Amino acid sequence: ARCGPRTEGRGGAEPDWLGSRDGQAAAPAEPRQERRKRRPRDDDEAEDEPKGKSKGIKLGPLIFLTLMILPAMLPVLIDVAGKLETMGVISIPSVQWMLQPSQYRSCLEEYYADWAPDKLGGIDTALAKYEGKEKQLFGALHRKYGKKVNLAKCSDK
């Protein structure tokens, strides 16, 4: 059973549909140059941006991650800082002066109002610096300004 007329070719009998009608062997067909449009990928958008912009770590997701993790890490960080303070590795300043005013605050405020009004804004800083050593602070003020601080008013409170 024959499929169709055969023609003589290079290596013997070849089907007609491979050769030309005039009997010569057909040249190999050129592959079709078909170019498909490429769909843009997500990272192709970065190529469209100006070249001055870097492709580094994006700040937005990093801030979001930090805000999500920090509340969970805070108790651990406080505990570690407390343990390091008891071992003597670090020194954490006391915030007690912010929560509970010092008994010497009113005396220092009155003294500064009379003798150094420009230092009224630094009362909390001075009390924090001389915490537990307030008498040394008042001694230094006496030497500097020549007026003694009335500590009797401060001790009564």
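Predicted model only: the values in this text are computed from it and were never measured. (Residues numbered from 1 in each chain as written. Predicted model: local features only at pLDDT ≥ 70, side-chain atom pairs only at ≥ 80, totals over all residues. Heavy atoms only, no water.)

Participant: An account of the pattern of salt bridges is requested, with residue identities and associated values reported.
Facilitator: With the rule as written, the count across this model stands at 3 salt bridges. When the shortest N-O distance is used, the salt bridge between K83 and D79 registers 3.3 Å. On the criterion of helical spacing, the pair formed by K83 and D79 is a turn pair, its members being 4 residues apart in helix α2 (residues 59-87). Salt-bridge contacts for R105 lead to E109; the nearest nitrogen and oxygen are separated by 3.8 Å. Separated by 4 residues within a single helix, R105 and E109 lie in helix α4 (residues 105-115), roughly one turn from each other. When its relative accessible area of 38% is taken as the criterion, E109 is described as partly exposed. Each of the salt bridges in this network shares a partner with another, and the network as a whole consists of R105, E109 and D124. (Salt bridge = Lys/Arg side-chain N within 4 Å of Asp/Glu carboxyl O. Helix = DSSP H or I, 4+ residues; strand = E, 2+ residues; numbered from the N terminus. Buried < 20%, exposed > 50% of the residue type's maximum accessible area, 1.4 Å probe, protein only.)

Participant: Help me get a handle on the side chain of E134, residues and values and all.
Facilitator: In this structure, E134 sits in helix α6 (residues 134-145). No salt bridge is formed by the buried E134, whose closest oppositely charged neighbour, K135, lies at an N-O distance of 8.5 Å. Ignoring sequence-local partners within four residues, the contact set of E134 consists of S102, Y104 and L127. (Lys, Arg positive; Asp, Glu negative; His and termini not counted. Contact = heavy atoms within 4.5 Å.)

Participant: Tell me about α4, and please be specific about residues and values.
Facilitator: All of the buried residues along α4 are C107, L108, Y111 and Y112. All buried residues of α4 lie within an arc of 125° about the axis, which places them on one face of the element. (Arc of directions from axis to C-beta.)

Participant: Any details on the nonpolar core? Residues and values, ideally.
Facilitator: Ranked by size, the top nonpolar core spans 14 residues in total, and within it L108, Y112, F138 and L141 carry the most contacts. Per-element tally for this core: the top contributor is α4, with 4 residues. The contact partners of F138, leaving out residues within four places of it in the chain, are Y104, L108, V149 and L151. (Core = buried A, V, L, I, M, F, W, Y, C linked by side-chain atoms within 4.5 Å.)

Participant: Describe the packing of aromatic side chains, with residues and values.
Facilitator: Centre-to-centre distance and the angle between the planes together describe a pair of aromatic rings. According to the stated counting rule, one finds 2 aromatic pairs in the structure shown. Taking 5.8 Å as the distance between ring centres and 55° as the angle between the ring planes, the aromatic pair formed by Y104 and F138 counts as tilted. Of this pair, Y104 sits in the loop between α3 (96-99) and α4 while F138 sits in helix α6, placing them 34 residues apart in sequence. Of the two residues, Y104 and F138, neither departs from the other in class, the shared state being buried. Relative to Y145, the ring of Y111 has its centre 6.2 Å away and its plane inclined at 65°; by these criteria the two rings are edge-to-face. (Phe/Tyr/Trp six-rings, centres within 6.5 Å; stacked < 30°, edge-to-face > 60°.)

Participant: Any details on the packing of α4 against α6? Residues and values, ideally.
Facilitator: Running from N to C, α4 and α6 cross one another at 10°; their axes reach a closest spacing of 12 Å. By the criterion of interaxial angle, the relationship of α4 to α6 is roughly parallel. Crossing geometry of α4 relative to α6 is assigned as left-handed. For the pair formed by α4 and α6, the contact residues are L108, Y111, Y112 and W115 on the first element and L137, F138, L141, H142 and Y145 on the second. When grouped by side-chain class, the residues that make up the contact of α4 with α6 number 8 nonpolar, 1 polar and no charged. (Axes fitted to C-alpha atoms, helices over the stretch in contact; angles between N-to-C directions. Parallel < 35°, antiparallel > 145°, perpendicular 65-115°, else oblique. Left-handed = near helix turned anticlockwise from the far one by under 90°. Nonpolar A, V, L, I, M, F, W, Y, C, P; charged D, E, K, R; others polar.)

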